[in-house]
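# Observations on the model geometry
Below are the chains, spelled out letter by letter.
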Amino acid sequence: MADSGLIDLRSDTVTRPTPAMRQAMASAEVGDDVFGEDPTVCRLEETVAALLGKEAALFVSSGTMGNQVSLLAQTRRGDEILVSEGAHCAWYEAGAAAAIGGVQAVVIGKGGLFTSADIEQAIKPQADWYPRTSLVALENTHNRAGGRVWPMAQLLEVTAFARARGLALHLDGARIWNASVAAGVAPKDIAAPFDSVSVCFSKGLGAPVGSAICGSRDLIRACRRLRKMLGGGMRQAGVIAAGAIYALEHHRDRLARDHDNARAIAKRLAAVEGARVDEGSVESNIVMLDTPGVAAERVIEAARAAGVLVSAFGPERIRIVTHLDVQDTAVRGGEVLADVVAKLAKRA
Ligand SMILES: *Cc1c(COP(=O)(O)O)cnc(C)c1O
């Protein structure tokens, strides 16, 4: 946004490394990470494992690789996994769970959350003709549910139930940092019930590249082999790992600012005739805006002409995301968007 003058509210992935982060990256000590010899990657893996309260961690190229390697490590071909409505691992990973993992995803619950009863009803009985239900995946915060934060009591309840039923537990924690700040709960407390947790450095934290998988030493050893198999073994990756370390150290607390900005935008939009925003559901850095009677593509086009970028999340649904690179301009972007929607709604 700084270069183009546009206020980019499409995604928190659009952030660019700050000068200080670039400095840390440029001066990173590096080595061959496939040989386990990159000191910066090792330091990142130790740092993130400690933050999430797990024995070990593995640096991977993307959140998609983090999710898919986690699934591969804990399922067999023909298994079934239980996922939330709109789960990233089923919606945005190019069908990898089926194509690479050989598992089918079954959606449970509503709005990104589910209950023990939802799990109970979805578990297939044991017989040769049923798929084996082997894993439950939660997403926190939940992207398609508008940055929804899992209530801790419910998270603990459903994970304990899944554990008792012998299911493996995966957390897609691409935005666990946002969940932690929003709920006032330490990342390791959110991560505690899970066997595997994938986290992103390239979303709200503002690093240019990278994610990590955290779990037991044995699980991470299996994941390291699978990462290589998928072509994710990187060599002097310390250059990018340094950006992730910098982000963990400097950009976590500031996520509260993004959440404030998202709430301010939601409030402004909620006052617009023709806009539907559920202010109460804005718990982190994502706002979902519905524009009944006005196509999302028209809103996007008019907003772009007015200097604001947003993305479509349905035929008449827009997603707005706040982040580091718009911390001073996001609210103004929301005002511009509000005017755009008001005008379009009047014409509709
Ligand atoms: C962005 C995201 C991912 C990973 O995306 P990549 O683009 O592959 O890094 C995973 N889960 C959720 C919920 C996400 O929002």
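Predicted, not measured: the structure shown is a model, and the values here were computed from it.

A few words now on the domain arrangement of the protein. We note that the domain assignment places domain 1 (19–250) and domain 2 (254–347) within the protein. A straight line from the C-alpha centre of domain 1 to that of domain 2 covers 28 Å. Listed as interface residues are 17 residues of domain 1 and, on the opposing side, 14 residues of domain 2. Summed over both sides, the interface of domain 1 with domain 2 buries roughly 1,300 Å², with 53% coming from carbon and sulfur. A per-residue breakdown of the area domain 1 buries against domain 2 is headed by Arg144, Gly146 and Asn178, which together make up 32% of the total. At the surface where domain 1 touches domain 2, the tally comes to five residue pairs in polar contact (both at pLDDT 80 or more). Counting residues per element, the side of domain 1 that touches domain 2 draws most heavily on helix H8 (residues 176–183), which supplies four residues. Grouping the constituent residues of the side of domain 1 that touches domain 2 by class yields six nonpolar, eight polar and three charged.

Attention shifts here to helix H14 (residues 330–347). An α-helical turn contains 3.6 residues, so any two residues separated by three or four positions project in the same direction. The terminal C-alpha atoms of H14 lie 26 Å apart, and with 18 residues this matches the ideal 26 Å at 1.5 Å per residue to within 8%. For H14, every residue scored as buried is listed here: Ala330, Gly333, Gly334, Leu337, Ala338, Val340, Val341 and Leu344. Elements in contact with the buried residues of H14: strand E1 (7–8), helix H12 (255–270), strand E9 (286–290), helix H13 (296–305), strand E10 (308–309) and strand E12 (317–321).

The subject of this paragraph is the sheet that holds strand E11 (residues 311–314). With antiparallel pairing, three strands are arranged side by side in an open sheet as E9-E12-E11. Only two strands of the sheet have a single neighbouring strand rather than two, namely E9 and E11. Strand-to-strand, the axes of this sheet are offset by a mean angle of 35°, without reference to chain direction. Bridge count between E9 and E12: five bridges; the pairing is antiparallel. Looking at E12, one finds that aspartate 290 is bridged to arginine 317. Here H12 sits on the sheet and contacts E9 and E12; the angle it forms with E9, its principal contact strand, is near 15°.

This next bit is on the sheet that holds strand E5 (residues 132–139). Sheets are built from strands that pair by backbone hydrogen bonding, the pairs being arranged parallel or antiparallel. Strand order in the open sheet made by the seven strands is E2-E8-E7-E6-E5-E3-E4, with mixed pairing throughout. The open sheet has two edge strands, strand E2 (56–60) and strand E4 (104–108), and neither has a second partner. Between one strand and the next, the sheet's axes are offset by a mean angle of 25°, whatever the strand orientation. Bridging between E5 and strand E6 (residues 168–173) involves five bridges; their strand directions are parallel. Looking at the pairing, alanine 137 lines up with histidine 170 of E6. With respect to the sheet, H8 is in contact with E6 and strand E7 (196–200), its orientation differing from that of E7 by roughly 95°.

Another point: the nonpolar core. Formed by 52 residues in total, the largest nonpolar core has its most connected members in Ile119, Trp177 and Phe201. The element best represented in this core is helix H11 (residues 238–250), accounting for eight residues. In contact with phenylalanine 201, not counting residues within four places along its chain, are Leu44, Val48, Phe59, Trp177, Gly206, Ala207, Gly210, Ser211, Ala212, Ala244 and Leu248. In terms of nonpolar packing, the next biggest core, distinct from the first, is built from 28 residues, Ile7, Ile265, Leu289 and Ala303 among them.

What follows deals with H12. Spanning 16 residues, H12 covers 23 Å between terminal C-alpha atoms, matching the ideal 22 Å at 1.5 Å per step. Three or more residues of H12 are buried, namely Leu255, Asp258, His259, Asn261, Ala262, Ile265, Ala266 and Leu269. When H12 is viewed along its axis, its buried side chains cluster within an angular range of 160° and face the same direction. If you follow the buried residues of H12, they end up packed against H8, E9, E12 and H14.

Strand E8 (residues 211–215) sits mainly inside the fold: five of its five residues count as buried. Burial along E8 is two-sided: the residues Ser211, Ile213 and Gly215 and Ala212 and Cys214 are all buried. Across five bridges, E2 lies against E8 in antiparallel orientation. Bridge assignment links leucine 58 to a residue of E8, and that residue is isoleucine 213. As defined by bridge partners, E7 adjoins E8 across four bridges and the pair is classed as antiparallel.

What counts and what doesn't
- Residues numbered from 1 in each chain as written.
- Predicted model: local features only at pLDDT ≥ 70, side-chain atom pairs only at ≥ 80, totals over all residues.
- Heavy atoms only, no water.
- Domains from an automatic or database assignment.
- Contact = heavy atoms within 4.5 Å.
- Buried area = accessible area lost by both parts, 1.4 Å probe.
- Polar contact = N/O pair within 3.5 Å; in protein donor to acceptor, adjacent residues only side chain to side chain.
- Helix = DSSP H or I, 4+ residues; strand = E, 2+ residues; numbered from the N terminus.
- Nonpolar A, V, L, I, M, F, W, Y, C, P; charged D, E, K, R; others polar.
- Expected span 1.5 Å × (residues − 1).
- Buried < 20%, exposed > 50% of the residue type's maximum accessible area, 1.4 Å probe, protein only.
- Pairing = 2+ DSSP bridges.
- Axes fitted to C-alpha atoms, helices over the stretch in contact; angles between N-to-C directions.
- Core = buried A, V, L, I, M, F, W, Y, C linked by side-chain atoms within 4.5 Å.
- Arc of directions from axis to C-beta.

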